[in-house]
Amino acid sequence: MRDNVILWWILTAFFALIGVVYTGWNILAHPDLPLVNQIEWVGTVALFFAAFMGAMIAFYLDRTHSAQGGELPEDILTSDIDDGDPELGEFSPWSWWPLVLAGSAAVFIIGLAVGHFLLPIGLAIFVVAIVGWVYEYYRGNFAR
């Protein structure tokens, strides 16, 4: 994780440096125009915005690394599966409900794009899928 933070800070510095060079080059290339017209604003803003976004990602990764108290087993290449947290949650590898839920989202989005008559159909499939997913452990072979 620490290597990623360093990489993002390097990327931030690169975009900031290239933004300065790009702006300076445009100013030098058009000496006869007023300063506001010498700067090519789209490229300048895009480069400095990319530097700003890289700085935000680097800052977030640095804060996350500090909050977790060091390297996690997932970040160490030589760690085994047993080194991590044994309880990650309860998953249902046999469940078909997430697929139905994704299908309902697809029908709903297609309804937004193509025809509004598909919206209630997608919503109805969504309600059935979410109820089925929530209650799949209360009936059938996997009831508790």
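Cut-off values and rules
Residues numbered from 1 in each chain as written. Predicted model: local features only at pLDDT ≥ 70, side-chain atom pairs only at ≥ 80, totals over all residues. Heavy atoms only, no water. Helix = DSSP H or I, 4+ residues; strand = E, 2+ residues; numbered from the N terminus. Contact = heavy atoms within 4.5 Å. Buried < 20%, exposed > 50% of the residue type's maximum accessible area, 1.4 Å probe, protein only. Polar contact = N/O pair within 3.5 Å; in protein donor to acceptor, adjacent residues only side chain to side chain. Salt bridge = Lys/Arg side-chain N within 4 Å of Asp/Glu carboxyl O. Expected span 1.5 Å × (residues − 1). Arc of directions from axis to C-beta. UniProt positions renumbered as here; feature names shortened; annotations may be inferred.

Asks: Run through the overall build of the protein chain, naming residues and quoting values.
Replies: Regarding its fold elements, the protein chain presents 5 helices and 0 strands. Tracing the protein chain from N to C terminus, the helices and strands come up as α-α-α-α-α. Dimensions of the protein chain, computed from the C-alpha atoms along their principal axes, are close to 80 × 50 × 20 Å. When contacts within the protein chain are restricted to residue pairs at least 6 apart in sequence, those whose partners lie at least 24 apart make up 62%.

Asks: So what's going on with the side chain of Gln 38? Which residues, and what values?
Replies: With respect to the element layout, Gln 38 can be found in helix α2 (residues 35–38). Looking at Gln 38, the relative accessible area reads 9%, which means it is buried. Separated by 3.5 Å, the side chain of Gln 38 and the backbone oxygen of Pro 31 make a polar contact. When neighbours within four sequence positions are excluded, Gln 38 is seen to be in contact with Asn 26, Ile 27, His 30, Pro 31, Asp 32 and Leu 33.

Asks: Explain the pattern of salt bridges to me, and be specific about the residues and the numbers.
Replies: On inspection of all chains with the given rule, the structure shows 1 salt bridge. For Asp 62, the salt bridge goes to Arg 63, with nearest N and O atoms at 3.2 Å.

Asks: Outline helix α5 (residues 118–134), listing residues and values.
Replies: For α5, with 17 residues, the first-to-last C-alpha span of 24 Å sits near the 24 Å given by 1.5 Å per residue. Looking only at α5, the buried set comprises Leu 118, Leu 119, Gly 122, Ala 129 and Gly 132. Each buried residue of α5 lies within a common arc of 155° when the element is viewed along its axis, so the set occupies one face. Residues of α5 that are exposed and point over 90 degrees away from its buried face: Pro 120, Val 128 and Val 134. Of the surrounding secondary structure, the elements contacted by the buried residues of α5 are α4 (97–113).

Asks: An account of the UniProt feature "transmembrane region" (unreviewed entry) in the protein chain is needed here, citing residue identities and associated values.
Replies: Feature annotation in UniProt places "transmembrane region" (unreviewed entry) on residues 6–29, 41–61 and 117–135, given in this structure's numbering. The distance separating the terminal C-alpha atoms of residues 41–61 is 30 Å; by composition the span is 100% helix and 0% strand.

Asks: Explain the environment of Glu 87 to me, and be specific about the residues and the numbers.
Replies: The residue Glu 87 is located in the loop between α3 (41–67) and α4 in this model. Judged by relative accessible area, Glu 87 falls into the exposed class, the value being 56%. In this structure, the C-alpha to C-alpha distance between Glu 87 and Gly 122, residues 35 residues apart in sequence, is 35 Å.

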